[in-house]
Amino acid sequence: MDTALDADALRARLVAPNGPYAALDVVATTASTNADLAKAAAEGAADRTVLIALEQSAGQGRRGRTWSSPPGGLYVSVLFRPSEVPPQRLPWLNLIAGLALVRVAQSAGVEASLKWPNDLLLGPKAEKGAGILSEITAGVAQAVVVGIGLNVAKLPDDVQPAPGGLAPTSLEDVGASELDRGELAFRLLVELAQLEGVWRKNGGDAFESGVLEEYQEHSATVGERVRVELSGGVQLLGVAQRIEADGTLVVRGTDGVDHGVSAGDVVHLRPA
């Protein structure tokens, strides 16, 4: 077990009665923390259950892609059961996880922003330092597993770019002041609990809870020329206008019409 990620120490700080989480476990390696927690959810795992892995052999990305999960990263999944939040507002959990990552990166002295819907961008080159995958668990009432893969240590040379050619990076690669994975896990889970708690208390209302405003502030996508790769090979070209209260991205297409996008790969384009 990585001595920098002490499960007992994290439980003492984060699990009730001292913290906001119901349970927390750390494993050296697993295929996918999201898959493990989805299975646990089906078996009755409690709201705010956390699973952390030091390495994943089959990490999951959006649209069934594989997420590269080399040793030296931080791979965290959290099970949320926000029964008081309307189902249509649940996609905000993905964006809230992004805000938690921004707060953590900034606390380590790193410039950070968010590419809608699931990428943390780090450093002056705005390279990908983390990915997020939120999944509503099939057959389980109001259960969402939020998975986060954060690159901490220097990346191997053979790590491939993300979809759209987004270059990968890590906290160490961009000179972060904090590289202790135990402390980073603690900060991340504290920020996530705070953001999710306020959002849940407000019934998932992104405006009332303040998460919409904060997300807009840290968005690297709003205002950019983008290409959105939609299902079925369809592409939407235009300028990203704003994030709506339901978490969708509004893109003003080359036809001058505003299009709401709820899912798709977004590529930031260089100015014409």
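Scroll up to find the structure.
Along each chain, numbering runs from 1 in the same order as the chain's sequence is written. Given that the model is predicted, a residue must reach a pLDDT of at least 70 before its local features are reported, and side-chain atom pairs must reach 80 or more before they are shown or counted; all residues, however, enter totals for whole chains, interfaces and linings. Just so you know, side-chain values use all the structure's heavy atoms and leave hydrogens and water out.

A. Broad picture of the sheet that holds strand β8 (residues 225-229). Strand pairing is assigned whenever DSSP identifies at least 2 bridges connecting the two strands. Runs of E in the DSSP output that reach at least two residues are strands. Runs of H or I that reach at least four are helices, and both are numbered from the N terminus. In space, the five strands of this open sheet follow the order β11-β10-β9-β8-β12, with antiparallel pairing throughout. A single partner strand is all that each edge strand has here, and the edge strands are β11 (258-261) and β12 (265-268). With direction set aside, neighbouring strand axes in the sheet form an average angle of 45°. Sheet analysis places β8 next to strand β9 (residues 235-243), joined by five bridges and oriented antiparallel. Bridge assignment links Arg225 to a residue of β9, and that residue is Val239. Lines fitted to the C-alpha atoms define the axes, with helices restricted to the stretch that makes contact. Angles between their N-to-C directions range from 0 to 180 degrees.

B. How the structure looks around the packing of aromatic side chains. Side-chain rings of Phe, Tyr and Trp (the six-membered ring for Trp) are treated as a pair once their centres are within 6.5 Å; stacked means planes under 30 degrees apart, edge-to-face means over 60, and tilted covers the remaining angles. If you walk through the whole model with that rule in mind, you get one aromatic pair. Pairing Trp92 with Tyr215 gives two aromatic rings, centres 6.1 Å apart and planes at 90°, and the pair type is edge-to-face. In this pair, Trp92 sits in helix α3 (residues 92-107) while Tyr215 sits in helix α5 (residues 211-218), placing the two residues 123 residues apart along the sequence. Exposure class is identical for Trp92 and Tyr215. Each is buried. Each ring is checked for a lysine NZ or an arginine CZ that lies within 6 Å of its centre and within 35 degrees of its normal; such an atom marks a charge sitting over the ring. Cation over ring: Arg13 sits above Phe186, and NZ or CZ is 3.5 Å from the ring centre. The buried label goes to any residue with under 20% of its type's maximum accessible area, the exposed label to any with over 50%, and the partly exposed label to all in between, with areas taken from a 1.4 Å probe on protein chains only.

C. Focus on the packing of α3 against α5. For the pair α3 and α5, the least separation of the axes is 10 Å and the interaxial angle reads 60°. One element, α3, and the other, α5, form an angle in the oblique class. Seen from above, α3 lies across α5 with left-handed handedness. Contacts between α3 and α5 involve Trp92, Leu95, Ile96, Leu99, Val102, Arg103 and Gln106 on the former and, on the latter, Val211, Leu212, Glu214, Tyr215 and His218. When residues are sorted by character, Ala, Val, Leu, Ile, Met, Phe, Trp, Tyr, Cys and Pro go into the nonpolar class, Asp, Glu, Lys and Arg into the charged class, and all the rest, Gly among them, into the polar class. Taken together, the residues of the contact of α3 with α5 break down into eight nonpolar, two polar and two charged. Roughly parallel covers angles under 35 degrees, roughly antiparallel covers those over 145, roughly perpendicular covers 65 to 115, and oblique covers all other angles. Note: crossing handedness is left-handed where the near helix turns anticlockwise from the far helix by less than a right angle, and right-handed where it turns clockwise. Contact definition: two residues touch when any of their heavy atoms are within 4.5 Å.

D. Here's a closer look at the sheet that holds strand β5 (residues 119-122). The strand order across the open sheet built from seven strands is β1-β2-β3-β7-β6-β5-β4, with neighbouring strands paired in mixed fashion. The outermost strands of the open sheet, each flanked by one partner alone, are β1 (23-27) and β4 (112-115). On average, each strand axis in the sheet is tilted by 20° relative to the strand beside it, whichever way the strands run. Bridge count between strand β3 (residues 73-80) and strand β7 (residues 144-151): eight bridges; the pairing is antiparallel. Across the sheet, Val78 pairs through a bridge with Val146, a residue of β7. Sheet strands touched by helix α2 (residues 33-42): β2 (49-53), β3, β6 (127-136) and β7. Its angle to β3, the strand with the most contacts, is close to 20°.

E. The nonpolar core, seen in detail. Nine residue types can take part in a nonpolar core, namely buried Ala, Val, Leu, Ile, Met, Phe, Trp, Tyr and Cys, and a core is a set of them joined through side-chain atoms within 4.5 Å. Leu10, Leu24, Ile52, Leu74, Trp92, Leu120 and Leu189 are the most contacted members of the largest nonpolar core, which totals 66 residues. Not counting residues up to four positions away in its chain, the partners in contact with Leu189 are Leu14, Tyr21, Leu24, Val50, Ile52, Val76 and Val78. If you look at the next biggest cluster of nonpolar residues, it comprises eight residues, including Ala41, Ala45, Leu51 and Val145.

F. Structural context of the pairing of β8. Only one face of β8 is covered, namely the face carrying Val226 and Val228; the face carrying Arg225, Arg227 and Glu229 is uncovered. Here β8 folds back onto β9 in antiparallel fashion, the turn holding five residues, of which Gly232 has a positive phi close to 75°. In terms of strand pairing, β8 meets β12 through four bridges, oriented antiparallel. Bridge pairing links Val228 to Val266 in β12.

G. Region of interest: the packing of helix α1 (residues 7-14) against helix α4 (residues 181-201). Between α1 and α4, the least distance of the axes is 11 Å, while the angle of their chain directions is 25°. By the angle between their directions, the pair α1 and α4 is classed as roughly parallel. Judged by the sense of rotation from one axis to the other, the crossing of α1 with α4 is right-handed. Contacts between α1 and α4 pair Leu10, Arg13 and Leu14 from the former with Gly182, Glu183, Ala185, Phe186, Leu189 and Val190 from the latter. Residue composition of the contact of α1 with α4, grouped by class: six nonpolar, one polar and two charged.

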